[in-house]
Structure formats: structure tokens, C-alpha cells
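Chains, contacts and geometry: an overview
Chain residues, written in single-letter form:
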Amino acid sequence: MNAEEIRAVVLATLLSIAPEVEADELRGDRPLRSQVDLDSMDWLNFLLGLNKKLGVEIPEADYARLVTLDDVVAYLMKKLGIGP
Amino acid sequence: MIEFKLPSLGADMDEGTLLEWKVGAGDTVKKGQVVAVVDTAKAAVDVECWQEGTVAELVAEVGQKMPVGTVMATLLEAGEKVGDVATAMAPAPRRMISPAARKHAQEKGVDLDKVSGSGPHGAVTLEDVEKAAAAKAPAAPATAPDKSAEMRRVIAAAMARSKREIPHYYVAEDIPLAKALAWLQEENARRPMAERLLPAVLLLKAVATALKRYPELNGFFSDSGFVPAERINLGVAISLRQGGLIAPALLDAGSKPLTQLMQELTDLVQRTRAGSLRSSEMSEATITVTNLGDQGSQAVFGVIYPPQVALVGFGRVTERPWAENGDLKALPMVTASLAADHRVSDGHRGALFLRELDDLLQRPEDLDR
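Quantities reported herein were computed from a predicted structural model and do not represent experimental measurements. (Residues numbered from 1 in each chain as written. Chains lettered and ligands numbered in written order. Predicted model: local features only at pLDDT ≥ 70, side-chain atom pairs only at ≥ 80, totals over all residues.)

Focus on the overall build of chain A
If you tally the helices and strands in chain A, you get 4 helices and 0 strands. Along the chain direction, N to C, the helices and strands of chain A fall in the order α-α-α-α. Taking 84 residues into account, the globule formula puts the C-alpha radius of gyration at 12 Å, and chain A, at 12 Å, falls close to it. Projecting the C-alpha coordinates of chain A onto the three principal axes gives extents of approximately 30 × 25 × 20 Å. (Helix = DSSP H or I, 4+ residues; strand = E, 2+ residues; numbered from the N terminus. Rg over C-alpha atoms; globule rule 2.2 N^0.38 Å.)

In C-alpha cells form, the structure reads like this:
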């Protein structure tokens, strides 16, 4: 998997929780939760969805590192051992 | 013969439209079984029947809009047969129908046999016929904006009634959450992702536990005064992604461990947003809890959902300066608020309730019981 494919998985997971979101309008460098209006339950379900699709365990202690869409993609790539 | 009537699923519901029957004539119905799906201004709801019997007749037709209290179906009690009912019911007692109601029914072509009476001894009033005539009129095809406007209308009606009838008072308290969050972090580190707990669950359990000592905040106010509820059913305010708000009940929240409460909350949120709530969840909340912390508000002072008598609000969990024993430190805090009905309790008891909530959240391990 490359960064683009991981981003596609992230967006698909997000859309399953917030179907009204226009993926093209999301800014990768802005806080994701405020752009999409995700509450705590939505956020937990989003991370669970990523866990199911990619098999990546995300400790609660790492939540603070997952602020933007770009952060989430970079975090997953590192966990999956992809990229530089 | 049992008459199964359209139940009221909250103060903001006065009518509903039958979407689907889940049973047919001759079917046996058990207590708590979902027998119909009814569309309200807020959501499609699985309506349960709380009496046992065999379906004799489905009176309401799919697509029919009807006021609360309309007979939707008749059921035979155990040992009863259709013939018995006919015998028992003949000669049927003459129904009381006001002359104005009878005249209006003739003009509007309303079948009086299908109108349930709300007057003394079940008398059919002019208002009953007007409601039935309005429900009989073909409804305009529903569109998304109409549904949204309808939901806003019923929320406004319930909240206006609340502000008109309930003398609200408000109290608030800043509660340190360092111990609760540290306990939660440790607990979640031991759990698989799918079983992690949200801070919201700890707050809900603390509210339910505190209410055991403050029953005057948990119940209903009616014409006969305050009636405390037997169980603590927390109405959880859940925002819908398309706009609007529903507060279905997390039933018997005070007696459940945190893991079960978390599972039930997850299920309740999913079903609320998917539009598959049960009638008991819509009608049995004994107090409402709202949490606007995720939206960034520091505090929320809510409007009580009648006939309930209290609402607890939580704001955002943030680090704030906190002075203790002469030391100043930064601690995660939450502002908890209580809006309550002055006809039933006063600010003194409300403040003690919030203090109890604070005490409980300093001993989070005790809440997991």
C-alpha cells in the first residue's frame, strides 16, 4: 500500500461515519474533527474502522498525535512500515 | 379484548404515521414485542406492545396518519375467541359522541367507529373528530427539508412548553477530572480497541449513581404533582448528522457496569442515527443528560424536557488552573450543570447533587459496579 491508497481507506472509513462529508473539500493540514464535526463516539468508531480495515492497533495514548488527515495517514504508514 | 393504541413517545409527539405492521391477524404477541413501525416528526420508531394476546384485527392502515391514542389494532386476551368477543360486546354500549362531533364527522366523512374518544368516559369530542379529519387528509409527499422543519417544529413546541410551565433554576460546578481520566487511561490500556470506554460513559454512570440519593431530580411532573421514577433511565441527547436532536433512554443506567453501559450507549447512538429506535427508548427517559464538550462549549445550561424535572449538562474537558491547599496547578476539568424544576426541588438540593457528582468522579473505580 502507498500513501494514496492509505488516504483512500481513511476517507472511505470517514465517509462511512459522516456520509455528508465532501471528501474533496477536506483540508489535509487542518484539524479533522472540527472539519467533520466528529464527536467522541464518532472518533472512536473511525479509529475502530481503521483498525478493522488495516489491522493497526491504535493505543489511546497516541490519539493526541492524530489531529489532521495528514497526521492520520502518516501515523498509519509508520505503523504499517511503509515509506521512508 | 385489548385495544392497542398509538402510544405517546414523548412530550413533542401528538401524531404518527403507520409505516409498517410487524404482525398480522392471528399472530400471537408477547409482552415487549415490536408490532409496528411508526414515523414521528423526529424518527421512525419500532413500537412495542406491552400486553400479550392474539391479533384480532389490524385497524390502522399503512400510510395512515393518526393522533396519539388512536386504536391501531385489537388483540384477543388468552382464552378469548373472536365469537366470545362478539357475544361479549353485543349489545355494545352506546358510544357517547357530542352532537358537534357527529355533525363535523358527517361533513368531513370521518368514520366515528375509528375515532377514539378523549372526553369524559371516552366520549368523542369535536377536537377528536378534527384530529381524525386532519389525519385522514392526504399528506404531501415527505421531503428532506419538510422532515427537518417538522422536527424543528416539535422541538420548539416541547421547549416552549417547558419554558412556559417549568420554573427552571440552574446550578453549576467545576469538577476536576485528573483521577477519573487517569483511571480511564489505565483501564483502556488493558482493553482491546473495541472495548475501550469513553469519558462520557463515566460521566453518565456518575449521574445515575448520584441520582439514587436525589430521587427528586428523577421522575415526572404531572397534574397530580411529582412522581419519582422507579428506575434511572438516562435520556441521552444525541445530535443527528442531518440536523436535529433525539434523546432516547439508556435504560436502568444506575445498575449497569461501565462496560455494559458503553456497549449500550454505542448501540443507542448507532440506532438513533440509523433511525431504528424502540418506543420504550423514546418514552421512558426519567432525566436528560446532554454533553456539548465535543463541540467546544465550556458549559451548557439546558431546557428541561417535560414531563421530566431535571437536565444535567457537561461541557468540554480542558486543562484549567486549579488552586488546592495553597498550590496552583493545571488540571483537566469539566463544568457540570443542573437545570431543575423549582416545583420539585430547590437550588440547595441541586448544589448537593453536583457535589455528590464531584465526589463520585474522584473515586472512578467505584463507578464500575
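Considerations on the overall build of chain B
A count of helices and strands for chain B gives 10 helices and 20 strands. Across the 369 residues of chain B, 37% fall into the buried class. (Buried ≥ 20, exposed ≤ 12 C-beta atoms within 10 Å, placed from the backbone.)

Focus on the pairing of strand β10 (residues 219–222) of chain B
Residues and elements named next belong to chain B. Sheet topology places β10 next to strand β11 (residues 225–228); 4 bridges connect them, and they run antiparallel. Each residue of the ladder has a partner; that of Gly219, found in β11, is Pro228. The antiparallel pairing of β10 with β11 creates a hairpin that spans 2 residues between the two strands. (Pairing = 2+ DSSP bridges.)

Structural notes on the packing of helix α1 (residues 3–17) of chain A against helix α4 (residues 69–80) of chain A
All names here are of chain A. Look at α1 against α4: their axes get within 10 Å of each other, and the N-to-C directions meet at 120°. Between α1 and α4, the crossing angle belongs to the class labelled oblique. Considering how the two elements wind past one another, α1 and α4 form a crossing that is right-handed. Taken together, the residues of α4 that come into contact with α1 (itself represented by Ala3, Ile6, Arg7 and Val10) are Leu69, Val72, Val73, Leu76 and Met77. Considering only residue class, the contact of α1 with α4 consists of 8 nonpolar, no polar and 1 charged. (Axes fitted to C-alpha atoms, helices over the stretch in contact; angles between N-to-C directions. Parallel < 35°, antiparallel > 145°, perpendicular 65-115°, else oblique. Left-handed = near helix turned anticlockwise from the far one by under 90°. Contact = placed C-beta atoms within 7 Å. Nonpolar A, V, L, I, M, F, W, Y, C, P; charged D, E, K, R; others polar.)

Observations concerning the sheet that holds strand β3 (residues 28–29) of chain B
Strands belonging to one sheet form pairs held by backbone hydrogen bonds; the direction of such a pair is parallel or antiparallel. Taken together, 4 strands build an open sheet; the order of strands is β1-β8-β6-β3 (chain B) and the sheet is antiparallel. The open sheet terminates on both sides in strands that have one partner only, identified here as β1 (2–5) and β3 of chain B.

Here we look at the domain arrangement of chain B
All names here are of chain B. Here chain B is partitioned into domain 1 (2–136) and domain 2 (167–367). Taking only C-alpha atoms into account, the centre of domain 1 sits 37 Å from that of domain 2. In this complex, domain 1 contributes 13 residues to the contact, which on the side of domain 2 involves 13 residues. Of all the elements, strand β5 (residues 44–49) adds the most residues to the side of domain 1 that touches domain 2, at 5 residues. Considered class by class, the residues forming the side of domain 1 that touches domain 2 number 8 nonpolar, 2 polar and 3 charged. (Domains from an automatic or database assignment.)

Description of the nonpolar core
Core analysis: the biggest nonpolar cluster contains 95 residues, and Leu204, Val207, Leu234, Ala310 and Leu357 of chain B have the highest contact counts within it. A total of 10 residues in this core trace back to one element, the largest contributor, which is helix α6 (residues 199–211) of chain B. (Core = buried A, V, L, I, M, F, W, Y, C linked by C-beta atoms within 7 Å.)

Details of the interface of chain A and chain B
Listed as interface residues are 12 residues of chain A and, on the opposing side, 12 residues of chain B. Its residues assigned to classes, the side of chain A that touches chain B comprises 6 nonpolar, 2 polar and 4 charged.

Thoughts on the sheet that holds strand β16 (residues 277–278) of chain B
Residue and element names in this part refer to chain B. Pairing within the open sheet is mixed, and its 5 strands lie in the order β7-β2-β4-β5-β16. Of all strands in the sheet, those bounded by a partner on one side alone are β7 (65–67) and β16. For strand β2 (residues 15–21) and β7, the ladder comprises 3 bridges, and the chain directions are antiparallel. Considered in β7, the bridge of Gly16 is made with Met66.

Some points on the confidence of the model for chain B
Residue and element names in this part refer to chain B. Here chain B averages 87 in pLDDT, and 90% of its residues register 70 or above. Throughout residues 86–93 the model reports pLDDT below 50, and contacts reaching past four residues in sequence, or to other chains, amount to 0 contacts. Contacts of residues 139–144 to residues separated by more than four positions or lying in other chains number 2 contacts, the stretch itself having pLDDT below 50. (pLDDT = per-residue confidence, 0-100.)

Describing the packing of α1 of chain A against helix α3 (residues 40–54) of chain A
A packed helix pair is summarised by two numbers, namely the angle formed by the two axes and the spacing between the axes. Residue and element names in this part refer to chain A. The interhelical angle for the contact between α1 and α3, taken along N-to-C directions, is 135°, at an axis separation of 9 Å. It follows from the interaxial angle that α1 and α3 lie oblique. Two packed elements cross with a definite hand, and for α1 against α3 that hand is right-handed. Along the contact surface, α1 presents Val9, Val10, Thr13, Leu14, Ser16 and Ile17, while α3 presents Asp42, Asn45, Phe46, Gly49, Leu50, Lys53 and Leu54. In the contact of α1 with α3, the residues fall into 7 nonpolar, 4 polar and 2 charged.

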